[in-house]
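Reading the structure
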Amino acid sequence: MYTVKQVAALTGVAEATLRVWERRYGVVVPARSPSGYRLYAEADVARLRQMAALVEGGVPASHAAGSVLAESPSPVAEGPPGGLPGEDDLVAAAVSLEPSRLEAVIGRAFTSGPFEQVVDGWLLPQLGRLGDAWASGNLSIAHEHFASAGLMRAISGVYEEARGDADGPAVLVGLPAGECHELASIFHEGSGRGWPTAVSPV
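Residues numbered from 1 in each chain as written. Predicted model: local features only at pLDDT ≥ 70, side-chain atom pairs only at ≥ 80, totals over all residues. Heavy atoms only, no water.

1. Brief notes about the overall build of the chain
Along the backbone of the chain there are 9 helices and 4 strands. Sequence-ordered secondary structure for the chain, helices as α and strands as β, is α-α-β-β-α-α-α-α-α-α-β-α-β. Burial analysis of the chain (202 residues in total) assigns 40% to the buried set. Pairs at least 24 apart in sequence give 71% of the contacts found in the chain among residues at least 6 apart. With the model as given, the accessible surface of the chain reaches about 10000 Å², and the carbon-plus-sulfur share is 57%. (Helix = DSSP H or I, 4+ residues; strand = E, 2+ residues; numbered from the N terminus. Buried < 20%, exposed > 50% of the residue type's maximum accessible area, 1.4 Å probe, protein only. Contact = heavy atoms within 4.5 Å. Areas by Shrake-Rupley, 256 points an atom, 1.4 Å probe, with all protein chains shown as cover.)

2. A word on helix H6 (residues 99–110)
Residues spaced three or four apart along an α-helix face the same direction, because each turn holds 3.6 residues. Taking 1.5 Å of rise per residue, 12 residues should cover 16 Å, and H6 covers 16 Å from first to last C-alpha, within 8% of that figure. Where H6 is concerned, the buried positions are Leu102, Val105, Ile106, Gly107, Ala109 and Phe110. (Expected span 1.5 Å × (residues − 1).)

3. A word on the nonpolar core
Core analysis: the largest hydrophobic core is formed by 19 residues, its most contacted members being Ile106, Phe110 and Trp122. Of all the secondary-structure elements, those providing two or more residues to this core are helix H5 (89–96), H6, helix H7 (115–135) and helix H8 (141–163). Counting 16 residues, the second largest nonpolar core, distinct from the first, contains Val4, Ala8, Ala65 and Val68. (Core = buried A, V, L, I, M, F, W, Y, C linked by side-chain atoms within 4.5 Å.)

4. Here we look at the pattern of salt bridges
Scanning the model with the defined rule gives 4 salt bridges in all. Its salt-bridge partner being Lys5, residue Glu15 comes within 3.5 Å of it at the nearest N-O pair. With Glu15 in helix H2 (residues 15–25) and Lys5 in helix H1 (residues 4–11), the pair connects residues that are 10 residues apart, well separated along the chain. You can call Glu15 buried: its relative accessible area is 16%. Across the pair Glu15 and Arg19 runs a salt bridge, and its minimum N-O distance is 3.2 Å. Taken together, the residues Glu15 and Arg19, both in helix H2 and 4 residues apart, mark about one turn of the helix. Both residues of the pair, Glu15 and Arg19, belong to the buried class. (Salt bridge = Lys/Arg side-chain N within 4 Å of Asp/Glu carboxyl O.)

Now the structure itself:
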């Protein structure tokens, strides 16, 4: 498996361009490491080299992507055995206060598919369950902070990998009146909607 930096070196395509080809055209669907970093297989590298050669030859990126995918469809990224964690796994991991258990749950989720799908399909519902458990007294504030800190570490890894060495403007993310946690706004700010260089919740 290759990191995005290694793939950029192997293909001669900038990291930012690789991410655009992934998000916009679905030329590859890399797997994810437990910390959220993209991991590319040999087949991904070959597909990207083919795409790069077509684009360099003057073929528009959208047409090049169609040609590459017609010849070799991009598979859905495979997650670890068992797929997404169960509905209550994040709450159970928070109650345990065991870092290794929490990291395993988050890592299993983040490597189960594209980041955007994991955020919408698993993470946001999990945050709702976490909040409900705290409101009902089944979780203490220590449990909630423990889970939140683990999630923030994981998403920081995703942001750093997505940002690479590129410079860009900071993004100020606000919350509506009555909201008490910045996690959902930070996750959605980065989930395929123009990855921020820096996020400062207020």
